[in-house]
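Working through the structure, step by step
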Amino acid sequence: MTDSSGTPSGPDTPAEEDEATGRATEGAGEPATKADGEGPAEEAGSDADRDANGSRRWMRWTALGASFALLLAAGVGWWLYRKLDGNITTDTTAAAELEEYEKERPTPIALDARNILLIGSDTRSGRGNDKYGPDKGTQRSDTTILLHLAGDRKSATAVSLPRDLMVDIPSCRKPDGSRTRKQFTQFNSAFESGGTACTIRTVEKLTGVRVDHHMVVDFAGFKGMVDAVDGVEICLKEPIDDDDALLRLDKGRQKLNGEQALGFVRARKTIGDGSDTERMERQQRFLGALVNKVQSNGVLLNPTRLYPVLDAATKSLTTDSGLDSLKDLYNLVRGMRNIPTERVQFMTVPRQPYAQDPNRDELVEPDAGRLFKQLREDAPVSVVPAGSEEPDKDGGPGADEKPDDAGATSPAPAPTFTGSNAATDECE
């Protein structure tokens, strides 16, 4: 039968199709080959297409996976940021009181320097604090430290203010809205009666130093930060057995967890001479060890180590509005992380027993005034260990020595005070 005029002109059979492509099959099931005889043409083309399609599909899935991972990481990062940011409590009451008395406050001199008042509260309210005694609705400043960060961020000086130091406390607003009267009494009464704002105004009146920021940390916050860095190592010259501080430690090098560290910085009656002055020195040594630990194990540069520290710190931090966000705290820490540990210094304001009551303290002048002047002007301060060298009240060791070139001028040596630094290891 012949094809009609409407029949398609293309091949009907496999053989005809092969002839149209230039080669005929030689037997059933035998694949067609390339014109040059190198291999199966159709299968090679099919494999190449499949490989290309597979590669494209793999690239699409990889891109989708990467996009999902980025979105997930961004979401988790934002959630963590918001969580830490929300942990911080802002002290709006203090801000209102300080603004009211702005005209009385010192004028900042060194604008790049920062003075931060660190207050350790002995409040029994809040989760975990009631185990240290009944909550009587009041709180005292168990520890108060004026931290001066140099404008060039090459040094930091922490000055402890004794809680029993006799000072002038201004009239302050009490929590119930009433006001206290001006009085000359021990320093920690300011925090107990008028809170943070009253303490800041008292410190500024005492020192002439403008307080730029403040932080209040309770017992639970302190313990949490120590545990977050996996404990802090200290060295004891004598064993400690103190029931009041819930603390028992052997002599020598010891690694303290949060609970032990809190007992160590709070203990007084059974250690040394039982004085608050000696306790402050012990607190300073511990803070130095904590700074050394944080810098030495890369906490500040490792997000997985930094997060638990920030989480513990922010949960129990009460700050002014200038430090109440994670961004503000990060900028503060970033400015401190490159300070050498030997330039992170600790000292107690020059003090002596109060003439009218040996159980209270008073400033030693003109030493205290010289220290406050250095802090106000962001001028250098040097410390030496107690007993190693008598602090030079006129400008530090060697101040009376003439330079080789009698005509040359050089900066005045930094005043020297008794203290320690974060690089000190008492076991060595």
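Computed from a prediction, not measured in an experiment: that's the story for all the values here. (Residues numbered from 1 in each chain as written. Predicted model: local features only at pLDDT ≥ 70, side-chain atom pairs only at ≥ 80, totals over all residues. Heavy atoms only, no water.)

1. A word on helix H6 (residues 258-266)
Within H6 the residues assigned to the buried category are Gly258, Ala261, Leu262, Gly263, Phe264 and Val265. For H6, the elements touching its buried residues are helix H5 (219-228), strand S8 (232-236), strand S9 (240-242), strand S10 (247-249), strand S11 (252-256) and helix H7 (276-296). A side-chain oxygen of the first residue of H6 lies 3.2 Å from the backbone nitrogen of glutamate 259; this N-cap is asparagine 257. (Buried < 20%, exposed > 50% of the residue type's maximum accessible area, 1.4 Å probe, protein only. Helix = DSSP H or I, 4+ residues; strand = E, 2+ residues; numbered from the N terminus. Contact = heavy atoms within 4.5 Å. Polar contact = N/O pair within 3.5 Å; in protein donor to acceptor, adjacent residues only side chain to side chain.)

2. Quick look at the state of the cysteines
One pass over the structure, following the stated rule, counts one disulfide. Paired by a disulfide, cysteine 172 and cysteine 198 hold their sulfur atoms 2.1 Å apart. Taking the sign of the S-S torsion, 75° for the link of cysteine 172 and cysteine 198, the bridge is right-handed. Taken together, the residues cysteine 172 in the loop between strand S5 (166-169) and strand S6 (183-186) and cysteine 198 in helix H4 (residues 189-207) connect sequence positions 26 residues apart. (Disulfide = S-S within 2.5 Å.)

3. Side note on the side chain of arginine 282
With respect to the helices and strands, arginine 282 occurs in helix H7. An unpaired buried charge is present at arginine 282: no salt bridge exists, and glutamate 278, the closest side chain of opposite charge, is 4.7 Å distant. Excluding its chain neighbours within four sequence positions, the residues that come into contact with arginine 282 are Phe264, Ala267, Arg268 and Ile271. (Lys, Arg positive; Asp, Glu negative; His and termini not counted. Salt bridge = Lys/Arg side-chain N within 4 Å of Asp/Glu carboxyl O.)

4. A closer look at the packing of H5 against H6
Geometrically, a packed helix pair is captured by the angle between its two axes and the distance between the axes. One way to put it is that H5 packs onto H6 with a least axis distance of 8 Å and a crossing angle of 125°. Between H5 and H6, the interaxial angle falls into the category oblique. By crossing handedness, the relation of H5 to H6 is classed as right-handed. Across the interface between the two elements, Phe219, Phe222, Lys223, Val226 and Asp227 from H5 touch Gly258, Glu259, Ala261, Leu262, Val265 and Arg266 from H6. When its residues are assigned to classes, the contact of H5 with H6 shows six nonpolar, one polar and four charged. (Axes fitted to C-alpha atoms, helices over the stretch in contact; angles between N-to-C directions. Parallel < 35°, antiparallel > 145°, perpendicular 65-115°, else oblique. Left-handed = near helix turned anticlockwise from the far one by under 90°. Nonpolar A, V, L, I, M, F, W, Y, C, P; charged D, E, K, R; others polar.)

5. Re the packing of aromatic side chains
Two descriptors summarise a pair of aromatic rings, namely the distance from one centre to the other and the angle between the planes of the rings. Summed over the entire model, instances satisfying the criterion amount to three aromatic pairs. Between phenylalanine 264 and phenylalanine 286, the ring centres sit 6.3 Å apart and the planes meet at 55°, which makes this aromatic pair tilted. Taken together, the positions of phenylalanine 264 in helix H6 and phenylalanine 286 in helix H7 put the pair 22 residues apart, joining distant regions of the chain. The exposure classification of phenylalanine 264 matches that of phenylalanine 286, with both residues buried. An aromatic cluster of at least three residues, connected via ring pairs, comprises Phe222, Phe264 and Phe286. When the ring centre of tyrosine 101 is taken as origin, the NZ or CZ atom of arginine 201, which lies over that ring, is 3.7 Å away. (Phe/Tyr/Trp six-rings, centres within 6.5 Å; stacked < 30°, edge-to-face > 60°. Lys NZ or Arg CZ within 6 Å of the ring centre and 35° of its normal.)

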